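Coordinate analysis (summary)
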Amino acid sequence: MLKKSFLLCAACGTLLNMSSCANSAKAAAETTASDTDSLPVVYYIKDITPDNIVKIYKALGRKAEGNNVAVKISTGESDKSHQLDPNLIKDFVQAVNGTLVECNTAYEGSRNTTEKHLRTVEEHGYNKIANVDIMDAEGDTILPVNGGLHLDKNYVGKHFLDYDFLVVLSHFKGHAMGGFGGALKNVAIGIASSDGKAWIHSGGKVNDASLIWENIAEQDVFLESMADACKGVFDHMGDRMLFINVANNLSVDCDCDANAAPPVMGDLGILASLDPVALDRASVDMVMHTDEEGKEELLERINSRHGTHILEAAEKLGLGSQKYTLVTIE
């Protein structure tokens, strides 16, 4: 059973600007049926189960097919981080005959070399449910970024070109640098090679992971550069993509943090869309509007990093819409 509702509060300038939100709600009330029919759809299921990930995928109406289907996840830095449970995603990954894909990190840890990364993959159990490809194990390749705000190219794992469909399966949560991590960050940083991550974090100054920390860009430049990196990937893939966010274990920290803080609030559910901007906007909105205790910590993390600016930048680049129709699947 599908239940349709409209969440157009995405026009709020900041998450806690309630007067702007009120104006946005008024605009939503005046939106015509034809306007809402043209908006991207975000599907939502409250209960987080293996069956419901398959169900929400089918609701999208786009089949993940081709000779090689990539399922982009975060493999997680340690047993203290909150990456998606392999048992939760197994049925879906196998239903699309997907290969789990990742790239190495740009910082010292358990995933900055292919050897260590594959060991971590095994420790976290991902190789037990599907083949796993560290896409920059043999280096990187360049995707052009046409009309980017800061970047004119994007360095991605060389194996990325082997895939003809991309499923972006993201654990939605907070992030120490980006404010939050969802579909856009999973694509921008996650598909970038180790050196490519430095390229994005520096706003296009260096593409050498060893130089990342002394070349960190100003915050909005970093967020805009992530949007640029997404544009390179999206232009390459066209409509051969779909996006799913699982909003569980909602920590203020990313799965890339080896000492991630514990979850600060209850699970929210599974969201999916063919529009990654709408999906991430809906995920943030869901945190904002929930009655779950503890959400203030996650909102503070998002706001203090100006996290929603990536949505503004991605929308400006034509990657999607911050306005959407929310469809609940009962």
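Right above here is the structure, for reference.
So, a few notes on the structure that sits alongside this text. (Residues numbered from 1 in each chain as written. Predicted model: local features only at pLDDT ≥ 70, side-chain atom pairs only at ≥ 80, totals over all residues. Heavy atoms only, no water.)

With respect to the pattern of salt bridges
What counts here: Salt bridge, as applied in this entry: a Lys or Arg side-chain nitrogen positioned within 4 Å of an Asp or Glu carboxyl oxygen. Helix and strand labels come from DSSP, where a helix needs a run of H or I of at least four residues and a strand needs a run of E of at least two; each type is numbered from the N terminus. Relative accessibility decides the category of a residue: with a 1.4 Å probe and only protein chains considered, values under 20% of the type maximum give buried, values over 50% give exposed, and everything between is partly exposed.
Within this structure, the stated rule accounts for 9 salt bridges. Notably, a salt bridge pairs Arg111 with Glu77, separated by 2.8 Å at the nearest N-O pair. Here Arg111, found in the loop between strand S4 (98-102) and helix H5 (114-123), pairs with Glu77, found in the loop between strand S3 (69-72) and helix H4 (86-95); they are 34 residues apart in sequence, far enough to count as distant. When sorted by exposure, Arg111 lands in the same class as Glu77, which is buried. With a shortest N-O distance of 3.1 Å, Glu102 and Arg111 are connected by a salt bridge. Using a relative accessible area of 4% as the deciding quantity, one classes Glu102 as buried. Taking the relative accessible area as the measure of exposure, Arg111 reaches 3% and is therefore buried. In this structure, a network of salt bridges that share partners links the residues Lys72, Glu77, Glu102 and Arg111.

Overview of the pairing of S4
As a reminder, the rule being used: In short, DSSP must find at least two bridges between two strands for them to pair. With the strands aimed away from the viewer, a crossover counts as right-handed if its path from the first strand over the helix to the second runs clockwise.
For S4, the buried fraction is high: 5 of the 5 residues fall into the buried class. Side-chain alternation along S4 places Gly98, Leu100 and Glu102 on one buried face and Thr99 and Val101 on a second face that is also buried. The sheet contact formed by S3 and S4 spans 4 bridges and is parallel. Residue pairing for S4: Ala70 is matched across the bridge by Thr99. By the bridge criterion, 3 bridges tie S4 to strand S5 (residues 132-134) in an arrangement that is parallel. The residue of S5 that forms the bridge with Val101 is Asp133. As for the winding sense of the linkage, the β-α-β connection from S4 through H5 to S5 is right-handed.

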